[in-house]
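Now for the letters of each chain:
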Amino acid sequence: MSTRIVPAGWARHLEPSALQRMLETAAAPDVLSLSLGLPAVELFPREACARAASDVLDRVRTLQYGLPSAPLKSQIVQLMRARGVDCVEDEIFLTSGAQQGLQLLARLLVEPGGRVATDGLTYTGFLQAVRPLAPRILTVPVSADTGPDLDALEARLASGERPALLYAMPDGHNPLGTSLAAATRVRLVALAARYRLPIVEDGAYSWLQYGDAWPAPLAALDRGQVLYVGSFSKVLGPAYRVGWIVTPRHLVQPLSILKESIDINTATFSQHVINRYLDEGHFEEHLRQLRTAYRGRRDLMAAALTRRLPTGSRWRAPSCGFFTWVEVPGLDTTALLEQALAIGRVAFVPGAAFSADEVPRATSCLRLSFSNVPVDRIDDGIARIVSAMSYVRPRAERAAGARVATL
Ligand SMILES: Cc1ncc(COP(=O)(O)O)c(C=O)c1O
């Protein structure tokens with residue numbers, strides 16, 4: 001008789017994220033997906049990247065294992081300096097996407113069973129990254145208008161809580177779409193410095209800014225306090241799986257050892273292709289085009305929401321990133337998703353999927369992504385979601401006591 005092979009205790013409690021499940025549902029060919037934060041692949045510079053790929057195949061040992069590409073690190077230094085983050089090549093650690101950056105930093109900084117702090121509604125990939133460490137998660141109430149409640153964070157820190165890290169998304173928060181005001185950034189970094197709390201700043205959407213003023217990353221305010229996690233996924237393609245951490249030098253070696261045990265090195269081929277592409281000097285122009293295209297999609301979604309949402313709904317168009325966060329008071333958006341899929345063949349992500357703690361929060365909210373929807377389908381998508389609302393029983397009795405912690 002064969003043995004039933006069982007995962008270790010900690011792994012038995014792992015669950016697929018709501019987003020992973022969503023990827024499967026939304027992948028059905030007849031479903032219009034406003035759910036996932038997928039970039040629009042048709043906007044990527046495919047010809048230039050094909051040229052770069054063929055070039056590097058000819059010229060360098062790109063199909064071999066390899067050290068992190070020094071020229072790519074230099075390019076990243078330039079990108080970061082342009083955003084006010086003063087760093088050097090030795091402080092750039094290449095990763096397999098921002099996701100691996102989060103995972104490596106969690107492993108490096110958090111003791112098993114230790115504490116981490118994050119917004120009450122947060123990127124589920126961060127939760128996935130820390131979960132194997134079985135941490136205690138301290139949640140900071142967060143508002144879609146102004147970001148994390150820094151008074152609440154300060155009170156927790158003043159009362160003696162000492163999380164190993166604070167995870168922050170100051171640009172184009174996932175899921176709320178919020179970008180933090182400059183003054184909030186300054187206060188957050190000062191608070192972290194006072195309590196020696198390392199901040200892991202997730203800049204996955206940082207280059208997709210739609211306004212004129214680009215607030216400085218947290219890492220520009222205090223390099224010693226902030227570990228910046230960046231990525232080429234949303235601007236050149238997630239398939240490359242190339243991201244980076246801007247880290248103090250003394251963490252590079254432990255990060256390298258950890259990373260080697262996971263995937264040896266970041267895909268060398270991708271590193272060289274991206275470096276070659278950046279060398280051609282068209283990246284700035286490409287970013288401008290991306291911003292124009294996504295701003296257009298954002299505005300179309302805003303127009304559709306203005307036209308179609310029931311009175312009393314609240315939402316705001318983001319100044320960065322892919323997401324519009326909507327609240328329809330009294331509506332159970334998890335129930336709405338079932339109806340929207342069944343009747344309208346349209347998908348979004350219910351707010352509760354982003355709760356960082358056991359209590360389902362934002363149950364009347366939904367995250368809508370405008371990034372990967374054909375422009376001529378955006379209004380139709382919103383129309384279908386709104387018509388599915390009439391099939392969901394109003395949740396008046398629960399709404400009265402519901403804690404919409406997010407808005
Ligand atoms: C906030 C946030 N951080 C990190 C990631 C992961 O990005 P990458 O593809 O670079 O691993 C995502 C992907 O959607 C994201 O939304």
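Preceding this section is the structure that the text describes.
Residues numbered from 1 in each chain as written. Predicted model: local features only at pLDDT ≥ 70, side-chain atom pairs only at ≥ 80, totals over all residues. Heavy atoms only, no water.

(A) Layout of helix α7 (residues 150–158). Every buried residue belonging to α7 is among Leu150, Leu153 and Leu157, and all of these are buried. Projected onto a plane normal to the axis of α7, the buried residues spread over an arc of 60 degrees and lie on a single side. Within α7, the exposed residues directed more than 90 degrees away from the buried face are Asp151 and Ala158. Those residues of α7 that are buried are in contact with β4 (136–140), β6 (147–148), β7 (165–168) and α8 (182–194). Measuring from the backbone nitrogen of aspartate 151 back to the side-chain oxygen at the start of α7 gives 3.0 Å, which picks out aspartate 149 as the cap. (Buried < 20%, exposed > 50% of the residue type's maximum accessible area, 1.4 Å probe, protein only. Helix = DSSP H or I, 4+ residues; strand = E, 2+ residues; numbered from the N terminus. Arc of directions from axis to C-beta. Contact = heavy atoms within 4.5 Å. Polar contact = N/O pair within 3.5 Å; in protein donor to acceptor, adjacent residues only side chain to side chain.)

(B) View of the sheet that holds strand β11 (residues 314–316). Ordered by their spatial adjacency, four strands build an open sheet running β11-β12-β15-β14, and the pairing between neighbours is antiparallel. On the outer flanks of this sheet lie β11 and β14 (349–350), each paired with one strand and no other. With five bridges joining them, strand β12 (residues 323–327) and strand β15 (residues 365–369) adopt antiparallel strand pairing. Across the sheet, the residue bridging to threonine 324 is leucine 368, located in β15. (Pairing = 2+ DSSP bridges.)

(C) Broad picture of the packing of helix α3 (residues 46–59) against helix α11 (residues 268–279). The geometry of α3 relative to α11 is characterised by a closest axis approach of 8 Å and an angle of 120 degrees between their N-to-C directions. Accordingly, the angle class assigned to the pair α3 and α11 is oblique. Considering only the axes of α3 and α11, their crossing is right-handed. Seen from α3, the contacting residues are Ala48, Cys49, Ala52, Ala53, Asp55, Val56, Leu57 and Arg59; seen from α11, they are Phe269, His272, Val273, Arg276 and Tyr277. In terms of residue class, the contact of α3 with α11 is built from nine nonpolar, one polar and three charged. (Axes fitted to C-alpha atoms, helices over the stretch in contact; angles between N-to-C directions. Parallel < 35°, antiparallel > 145°, perpendicular 65-115°, else oblique. Left-handed = near helix turned anticlockwise from the far one by under 90°. Nonpolar A, V, L, I, M, F, W, Y, C, P; charged D, E, K, R; others polar.)

(D) View of the packing of aromatic side chains. A full pass over the atoms with the stated rule returns nine aromatic pairs. Ring geometry for tryptophan 325 and phenylalanine 354: centres 6.2 Å apart, planes at 70 degrees, overall edge-to-face. Here phenylalanine 354 lies in the loop between β14 and β15 and tryptophan 325 lies in strand β12, a separation of 29 residues in the sequence. Pair check on accessibility: tryptophan 325 and phenylalanine 354 agree, each one buried. Above the plane of the ring of tryptophan 207 lies arginine 83, whose end atom (NZ or CZ) is 5.3 Å from the centre. (Phe/Tyr/Trp six-rings, centres within 6.5 Å; stacked < 30°, edge-to-face > 60°. Lys NZ or Arg CZ within 6 Å of the ring centre and 35° of its normal.)

(E) Expanded view of helix α10 (residues 252–263). Across its 12 residues, α10 extends 16 Å between first and last C-alpha, which sits within 8% of the 16 Å expected from 1.5 Å per residue. The complete set of buried residues in α10 reads Leu255, Leu258 and Lys259. The buried residues of α10 occupy an angular sector of 100 degrees when the element is viewed end-on, so they sit on one face. Seen from the buried face of α10, the exposed residues on the opposite side, beyond 90 degrees, are Gln253, Ile257, Glu260 and Ser261. Taken together, the buried residues of α10 touch β2 (92–95), α5 (97–109) and β10 (243–246). Where α10 ends, the next residue or the one after it, isoleucine 264, has phi of about 65 degrees, a positive value. (Expected span 1.5 Å × (residues − 1).)

(F) The arrangement of the nonpolar core in detail. Membership of the largest hydrophobic core comes to 86 residues, with the highest contact counts inside it found for Phe232, Trp244 and Leu368. If one sorts the elements of this core by residue count, helix α12 (residues 283–308) sits on top with seven residues. If we skip the residues at most four places from it in the chain, phenylalanine 232 touches Leu72, Ile76, Leu79, Gly237, Val242, Trp244, Ile274 and Leu278. The next biggest cluster of nonpolar side chains, apart from the first, holds 24 residues, and it includes Leu105, Val110, Met169 and Leu255. (Core = buried A, V, L, I, M, F, W, Y, C linked by side-chain atoms within 4.5 Å.)

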